[in-house]
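These are the residues of each chain, in order.
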Amino acid sequence: MTTPTVLRPSAETQYADELVALAATDDKPRPPQWKLSPQAVVRYVLGGTLSDGTVITPKYVGERRLVEVAVGTLVTDRALLLVGVPGTAKSWLSEHLAAAISGNSTLIVQGTAGTSEEAVRYGWNYARLISEGPSEAALVPSPVLRAMQTGAVARVEELTRMPAEVQDSLITILSEKALPVPELNLQFQAIPGFTLIGTANDRDRGVNQMSSALARRFNTVVLPPPATEDAEVEIVSQRAAQLGRALELPSEPPALDEVRRVVRIFRELRGGSTVDGRTQLKKPSGSLSTAEAISVVTSGMALAAHFGDGSLGADELAAGLLGAVIKDRVSDTAAWQEYLEAVVKERKEWRDLYRACRELDPA
Ligand SMILES: Nc1ncnc2c1ncn2[C@@H]1O[C@H](COP(=O)(O)OP(=O)(O)OP(=O)(O)O)[C@@H](O)[C@H]1O
Ligand SMILES: [Mg+2]
């Protein structure tokens, strides 16, 4: 792996070695402009060992079929929409797919309530526009237009947060594979390889519902939260260890037992009952996603490294847990207190955690 010189190198930089090794051993046919064959893309995402011995680290932990369907969609002329609850790796998977397919994951439009049509289509360099009038040189292409011109994957994050009329400017692009520029009386036509990956959060459903005309241009793949505790423990410990390395935290990789505690707490509170199904629990308002479990563990590692003995324990976890669970001071505090007294206190091997949480918040 190359040493990062920026805080967060893009996937194609961080995993450049893996991508080179995959391309070198890839003997399957590649669609036009694709850097890898669809099989090699799936292998890049899910990990494995190549014939030359190179180990490909798994990026997405989940069902192979889901990833195959996602990659299969991008081979066709349909765009891909990844949907799911928060923290299910929609953005993460989209970045890695773009990196493996086009070698560039940075052609990205971030959808917000304020995203304008220019961000999706094109804008103008106003100094040039005024001095020279409308010309191709004065036109500022959006990331989507650049993807069309280079036959690459464009990414639209949080698609359904954009106003409906801005979303709909994607319809012509996706159905005609062309972008008309009436000011110049021309249209840009996409070259093969151009496609688009959108992500949308389930929780935003109904904020700016996608028009059915646009929805028809997408194949939707739903990314589920990790099915089992073991799967979630694997994701959290793998990502926390990677992040710890990237941030150069001088701490040990997190102990599996500690990760398991965090994951169990998250899963129980999310689901509203204990694993044995005996105790019903109040659900906190936050999403308690896998992504937040990862940050509880990572910030615990930072505390342990700089203010503790280097290994993650109950004291370091307590602070992060409280912050993750209590988003609404009143209702979440009640849910957390109930959980602490009814569940954490009762588990003998969790005494240290109970004590640490009580010390922080002696309500
Ligand atoms: N199944 C999984 N496999 C690998 N990593 C995962 C998985 N689920 C979650 N993660 C990790 O969770 C973190 C957050 O993921 P990401 O930001 O992509 O979520 P998201 O679905 O885009 O969330 P949001 O809806 O909030 O935008 C990433 O670091 C990712 O590695
Ligand atoms: Mg996201």
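Residues numbered from 1 in each chain as written. Chains lettered and ligands numbered in written order. Predicted model: local features only at pLDDT ≥ 70, side-chain atom pairs only at ≥ 80, totals over all residues. Heavy atoms only, no water.

With that settled, consider the overall build of the chain. Along the backbone of the chain there are 16 helices and 11 strands. For the chain, with 363 residues in total, the buried portion stands at 51%. Sequence-distant contacts, at least 24 apart, represent 70% of the contacts inside the chain between residues at least 6 apart. As displayed, the chain offers around 16800 Å² of accessible surface, 53% of which is attributable to carbon and sulfur atoms. Averaged over its 38 positive side-chain charges, the chain has a centre that lies 4 Å from the centre of its 45 negative ones. (Helix = DSSP H or I, 4+ residues; strand = E, 2+ residues; numbered from the N terminus. Buried < 20%, exposed > 50% of the residue type's maximum accessible area, 1.4 Å probe, protein only. Contact = heavy atoms within 4.5 Å. Areas by Shrake-Rupley, 256 points an atom, 1.4 Å probe, with all protein chains shown as cover. Lys, Arg positive; Asp, Glu negative; His and termini not counted. Charge placed at Lys NZ, Arg CZ, Asp CG, Glu CD.)

This part covers the packing of helix 3 (residues 38–46) against helix 4 (residues 64–75). Across the interface, helix 3 lies against helix 4 with an axial gap of 10 Å and an inter-helix angle of 140°. Here helix 3 is positioned oblique relative to helix 4, judged by the angle of their axes. Considering only the axes of helix 3 and helix 4, their crossing is right-handed. Contact residues: helix 3 offers Pro 38, Val 41, Val 42, Val 45 and Leu 46, while helix 4 offers Arg 64, Val 67, Glu 68, Val 71 and Val 75. Taken together, the residues that form the contact of helix 3 with helix 4 break down as 8 nonpolar, no polar and 2 charged. (Axes fitted to C-alpha atoms, helices over the stretch in contact; angles between N-to-C directions. Parallel < 35°, antiparallel > 145°, perpendicular 65-115°, else oblique. Left-handed = near helix turned anticlockwise from the far one by under 90°. Nonpolar A, V, L, I, M, F, W, Y, C, P; charged D, E, K, R; others polar.)

Glancing now at the pattern of salt bridges. Under the criterion given, the structure shown has 23 salt bridges. Arg 121 is paired through a salt bridge with Glu 117; the nearest N and O atoms lie 3.2 Å apart. Of the charged contacts in the structure, one is a salt bridge between Glu 232 and Arg 267, with a shortest N-O distance of 2.6 Å. Taken together, the positions of Glu 232 in helix 11 (residues 229–246) and Arg 267 in helix 12 (residues 256–271) put the pair 35 residues apart, joining distant regions of the chain. Overall, Glu 232 belongs to the buried group, its relative accessible area being 0%. Several salt bridges share partner residues, and in doing so they unite Glu 229, Asp 230, Arg 260 and Arg 264 into one network. (Salt bridge = Lys/Arg side-chain N within 4 Å of Asp/Glu carboxyl O.)

Right, let's get into empty space enclosed by the protein. A full pass over the atoms with the stated rule returns 1 cavity of 30 Å³ or more. Empty space within the largest cavity amounts to approximately 40 Å³. Lining the largest cavity, in full, are Thr 76, Asp 77, Arg 78, Ala 79, Leu 174, Lys 177, Phe 194, Thr 195 and Leu 196. (1 Å grid on protein atoms, 1.4 Å probe; cavity = no way out; pocket = protein on both sides within 12 Å on 5 of 7 lines; lining within 4 Å. Points joined across faces, edges and corners; volume = space filled by probe spheres on them.)

Another point: the domain arrangement of the chain. Along its sequence, the chain is carved into domain 1 (11–222) and domain 2 (229–360). Using only C-alpha atoms to locate each centre, domain 1 and domain 2 end up separated by 34 Å. With 8 residues of domain 1 in contact, the opposing surface of domain 2 contributes 11 residues. With both sides pooled, the region where domain 1 packs onto domain 2 buries about 700 Å², and carbon together with sulfur makes up 52% of that total. Joining domain 1 to domain 2, the criterion identifies 1 residue pair in polar contact (both at pLDDT 80 or more). Looking at the side of domain 1 that touches domain 2 residue by residue, the classes come out as 5 nonpolar, 1 polar and 2 charged. (Domains from an automatic or database assignment. Buried area = accessible area lost by both parts, 1.4 Å probe. Polar contact = N/O pair within 3.5 Å; in protein donor to acceptor, adjacent residues only side chain to side chain.)

Bringing the layout of surface pockets into the picture now. Quantified by volume, the largest pocket comes out at close to 530 Å³. Surrounding the largest pocket, 27 residues form its lining, Tyr 60, Gly 87, Thr 88, Ala 89 and Ile 235 being those nearest its centre. Those elements that place two or more of their residues in the lining of the largest pocket are helix 5 (90–102), helix 11 and helix 13 (290–307). In terms of residue count, the dominant contributor to the lining of the largest pocket is helix 11 (5 residues). Looking at the lining of the largest pocket residue by residue, the class counts come to 15 nonpolar, 7 polar and 5 charged.

When strand 8 (residues 178–181) meets strand 9 (residues 186–189), the two strands line up antiparallel, connected through 4 bridges. Each bridged residue has a counterpart across the sheet, and for Val 181 the counterpart in strand 9 is Leu 186. (Pairing = 2+ DSSP bridges.)

Attention now moves to the sheet that holds strand 4 (residues 108–110). Strands pair in a sheet through their backbones, by hydrogen bonds, and they do so in one of two ways: parallel or antiparallel. Sheet architecture is open: 5 strands sit in the order 4-7-10-3-11, paired in parallel fashion. The sheet terminates laterally at strand 4 and strand 11 (218–222), the two strands that pair on one side only. Across the sheet, the mean angle separating the axes of adjacent strands is 20° when strand polarity is ignored. In terms of strand pairing, strand 3 (residues 79–84) meets strand 11 through 5 bridges, oriented parallel. Bridge pairing in strand 11 places Leu 80 opposite Asn 219. Strands in contact with helix 5 are strand 3, strand 7 (153–157) and strand 10 (195–201); relative to strand 7, the strand with the most contacts, it is inclined by about 170°.

Right, let's talk about the packing of aromatic side chains for a bit. Summed over the entire model, instances satisfying the criterion amount to 3 aromatic pairs. The ring of Trp 92 carries the charged tip of Arg 239 above its face, separated from the ring centre by 3.8 Å. Here the basic side chain of Arg 347 rests over the ring of Trp 350, its NZ or CZ set 4.6 Å away from the ring centre. (Phe/Tyr/Trp six-rings, centres within 6.5 Å; stacked < 30°, edge-to-face > 60°. Lys NZ or Arg CZ within 6 Å of the ring centre and 35° of its normal.)

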